[in-house]
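Results of the structural survey
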Amino acid sequence: MSTITAKKWTCDQCGVTVSRLGGEKVELPESWATSGDGTFCLLCRRERAAQAALDAAPDGNLEARAKLRRAALVEFEIRRRPGHGNGEIAKACRSSVAAVVAARKRLKIPAPN
Ligand SMILES: [Zn+2]
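Residues numbered from 1 in each chain as written. Predicted model: local features only at pLDDT ≥ 70, side-chain atom pairs only at ≥ 80, totals over all residues.

What to know about the overall build of the protein chain
Within the protein chain, the regular secondary structure consists of four helices and six strands. Scanning the protein chain from its N terminus toward the C terminus, one meets helices and strands in the order β-β-β-β-β-β-α-α-α-α. Each principal axis of the C-alpha atoms in the protein chain carries an extent, and together these give about 45 × 40 × 20 Å. With 113 residues in all, the protein chain has 16% of them scored as buried. Taking the contacts inside the protein chain whose residues are at least 6 apart along the sequence as the reference set, 38% of them involve residues at least 24 apart. (Helix = DSSP H or I, 4+ residues; strand = E, 2+ residues; numbered from the N terminus. Buried ≥ 20, exposed ≤ 12 C-beta atoms within 10 Å, placed from the backbone. Contact = placed C-beta atoms within 7 Å.)

Right, dumping it as structure tokens:
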């Protein structure tokens, strides 16, 4: 994989920046993503994943939307780090192992051994 470097990375959503003191180039942080849509930090990537799920189902009530949002965050985290254990992913999303197991089933991404 090629490494992308820049003098400074700025999240297009929240404006947080990553740079070095001396001004030398830095790699895109591992948790960030950059594409045609823009460059986003991990927090905003999570937020966008959750928002995309909500946009896809605009009608649900508050409770249903909260549930959808949590599920989207878990799915995002599984896709991002499929090799991480269910416990770790649950912790990262402040969710439960059962929710991670269910999401892995939906995504057809099995847990690591
Ligand atoms: Zn951000």
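Considerations on the domain arrangement of the protein chain
Along its sequence, the protein chain is organised into domain 1 (5–40) and domain 2 (43–107). Inter-centroid distance (C-alpha atoms) of domain 1 to domain 2 is 24 Å. The interface of domain 1 with domain 2 comprises five residues on the first partner and four residues on the second. When its residues are assigned to classes, the side of domain 1 that touches domain 2 shows four nonpolar, one polar and no charged. (Domains from an automatic or database assignment. Nonpolar A, V, L, I, M, F, W, Y, C, P; charged D, E, K, R; others polar.)

Points about the environment of Ser19
In this structure, Ser19 sits in strand E3 (residues 17–19). Classification of Ser19 by C-beta neighbours within 10 Å gives partly exposed; the count is 14. Between the alpha carbons of Ser19 and Trp9 there is a distance of 6.6 Å; along the sequence they are ten residues apart. If we ignore the near neighbours within four places in the chain, the residues touching Ser19 are Lys7, Lys8 and Val26.

What about helix H2 (residues 62–80)?
Residues three or four positions apart in an α-helix share a direction because the helix packs 3.6 residues into each turn. If you check H2, its first and last C-alpha atoms are 27 Å apart, about what 19 residues at 1.5 Å a residue would give, namely 27 Å. What H2 keeps buried is the set Ala72, Leu73, Val74, Glu75, Phe76, Glu77 and Ile78. In the core, the buried residues of H2 are packed alongside helix H1 (42–56), helix H3 (86–92) and helix H4 (97–107). (Expected span 1.5 Å × (residues − 1).)

Some words on the environment of Gln13
Relative to the assigned elements, Gln13 resides in the loop between strand E2 (8–10) and E3. The class of Gln13 is partly exposed, set by 15 C-beta atoms lying within 10 Å. Setting aside residues up to four positions removed in sequence, Gln13 forms contacts with Phe40 and Cys44.

Description of unusual backbone geometry
Even without being a glycine, Arg94 presents a positive backbone phi close to 50 degrees. Unusually for a residue other than glycine, Lys108 sits at a positive phi of about 60 degrees. Along the polypeptide, Lys108 turns up in the segment after H4.

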